[in-house]
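Survey of secondary and tertiary structure
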Amino acid sequence: MDQNVDITLTVNGQPVTRRVPARTNLVDFVRYELELTGSHVGCEHGVCGACTIRVDGQIVRGCLMLAAQADGAEVETIEGLSEDGSIADLQQAFHERNAVQCGFCTPGMLLTAEELLQKNPTPSREDIREFISGNYCRCTGYQAIVDAIERVANERNA
Amino acid sequence: MKPAPFAYVRAENLAQVFDLLDEHGDDARILAGGQSLMATLNMRLSAPEVLIDINHIDGLSDITNDGTTLRIGALARHSQVLESADVAKMAPLIAQAMPHVAHQAIRNRGTFGGSIAFADPAAELPAVSRAIDAKILLQSRNGTRSVAANDFYLGLFETAMQPDELLVGVEVPGIADGERTAFLELARRSGDYAIVGIGVQGRIDGGTFSDMRLVFLGAGDRPILASAAADVLNGNPHNDETVAAAQAALDADLDPMSDLNGPPEMKMHLARVLTKRALTALAA
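It is worth spelling out helix α4 (residues 106-119) of chain A at this point. Residues and elements named next belong to chain A. With 14 residues, α4 ought to run about 20 Å at 1.5 Å a step, and its terminal C-alpha atoms sit 20 Å apart, in line with that. For α4, the tally of buried residues reaches 12 of 14 residues, placing the bulk of the element in the interior. Those residues of α4 lying buried are T106, P107, G108, M109, L110, L111, T112, A113, E114, E115, L116 and L117.

Okay, structure coming up:
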């Protein structure tokens, strides 16, 4: 059987058509095929959250979904969300609150934080911790990340 | 940490799935949410020749409630189940367990049916399915059969599902008036697999237990229904003596394996701690 798959999807609003090996996961596809390297590859088995990508409006693990499965989907990465300005306030707050150190977790953390604020505009600190529990950060100890997300929630509600 | 090569088929209907299962047998794997399968493929713990993607088959993701029975389609995503008012009303134990199932990005993809079919002994939903008398709906070319959750889990990752069958949904009788539920688990990080977890459903009328069902995850080679502990509770008052007797009865119910979290003795201790907490929560 054919081990390649033809896919057509949109990535950050741009139509993309490629022929890919079926085993290519979505995060490797956007990184190597499309050279969008903001989504990071950490554990490759769904634990760390560094590969978080948005598919059809919802965050997913980019390492636990095949590019083949994204045929017909709308995919958004940190590059797209950065360019359209939709998370500029989160990025600013992460910067100002030192919620970024090495930056490896940051793209996934930002996409996760944005989904939280869309689903729950008034999260408690506990809600924030629960929602980002699937994204490992090995630098900050999370305190600054929770602070930054909390600040943006307050600002958006002001 | 990349999967071995395989072919991929996006199935359009169930007949095509059954054809592919006939053709490829053990060399094929069903791809639903993929949140366990993809990890095992990435680690090359599994190397199928073909993946059959069932995500685009119509009619497998609905959650319906006819007032008596809740039906959860196999492809209902965890996040969909978590937010379902019908699930909260008809099967509160599922609703209570669901926040413990992985993390948002995984809940957006992972499916209810996939979790049941994979039958991980440390997962929440297989254990819960035993406490709520769920029926597992298995479809093949020959039709659909219903298997009680309590007959479904046969061993470590082993179920009553046959190679030519697809899990298409789960039916749950709506919770009866007066029944209470509690779900607790211990995990190193919220959303990770539990070290040990417990689900409880039953009655406390006039301070006396009845119809008690206790299930454990992470405490054996499959989700465990703790019938000895339930027998101790039923007909007895909710007090320290009864709870202690139920804790002691777990010796007959549980046979936890040693794993990365610790030895069996530690898991037995934690199971007893959770039992007391869950019964306290049930009475609250």
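There's plenty left to go through after this.
Another point: the packing of aromatic side chains. Per the counting criterion, the structure on display carries two aromatic pairs over all chains. Residues F118 of chain B and F157 of chain B carry aromatic rings whose centres are separated by 5.0 Å and whose planes lie at 45° to one another, so their mutual orientation is tilted. A residue pair is termed long-range when its members are at least 10 positions apart, and F118 of chain B in helix α7 (residues 112-118) and F157 of chain B in the loop between β8 (153-155) and β9 (158-159) qualify at 39 residues. Since its relative accessible area comes to 33%, F118 of chain B is described here as partly exposed. Ring geometry for F152 of chain B versus Y153 of chain B: centroids 5.1 Å apart, planes at 85°, classification edge-to-face. On the basis of relative accessibility, which here comes to 0%, the residue F152 of chain B falls in the buried class. For the cation-ring pair, R31 of chain A lies above Y32 of chain A, with the distance from its terminal atom to the ring centre recorded as 5.8 Å. A cation sits over an aromatic face here: R189 of chain B above Y136 of chain A, 4.0 Å from the ring centre.

Residue and element names in this part refer to chain B. Tracing the backbone through its elements, the reader meets D211 in strand β13 (residues 208-217). For the pair D211 and E12, spaced 199 residues apart in sequence, the C-alpha separation works out to 43 Å. Contact partners of D211, with chain neighbours within four places excluded, come to E179, Q201, G202, R203 and N234. At 3.1 Å, the side chain of D211 and the side chain of R203 are in polar contact.

About the criteria used
- Residues numbered from 1 in each chain as written.
- Chains lettered and ligands numbered in written order.
- Predicted model: local features only at pLDDT ≥ 70, side-chain atom pairs only at ≥ 80, totals over all residues.
- Heavy atoms only, no water.
- Helix = DSSP H or I, 4+ residues; strand = E, 2+ residues; numbered from the N terminus.
- Expected span 1.5 Å × (residues − 1).
- Buried < 20%, exposed > 50% of the residue type's maximum accessible area, 1.4 Å probe, protein only.
- Phe/Tyr/Trp six-rings, centres within 6.5 Å; stacked < 30°, edge-to-face > 60°.
- Lys NZ or Arg CZ within 6 Å of the ring centre and 35° of its normal.
- Contact = heavy atoms within 4.5 Å.
- Polar contact = N/O pair within 3.5 Å; in protein donor to acceptor, adjacent residues only side chain to side chain.

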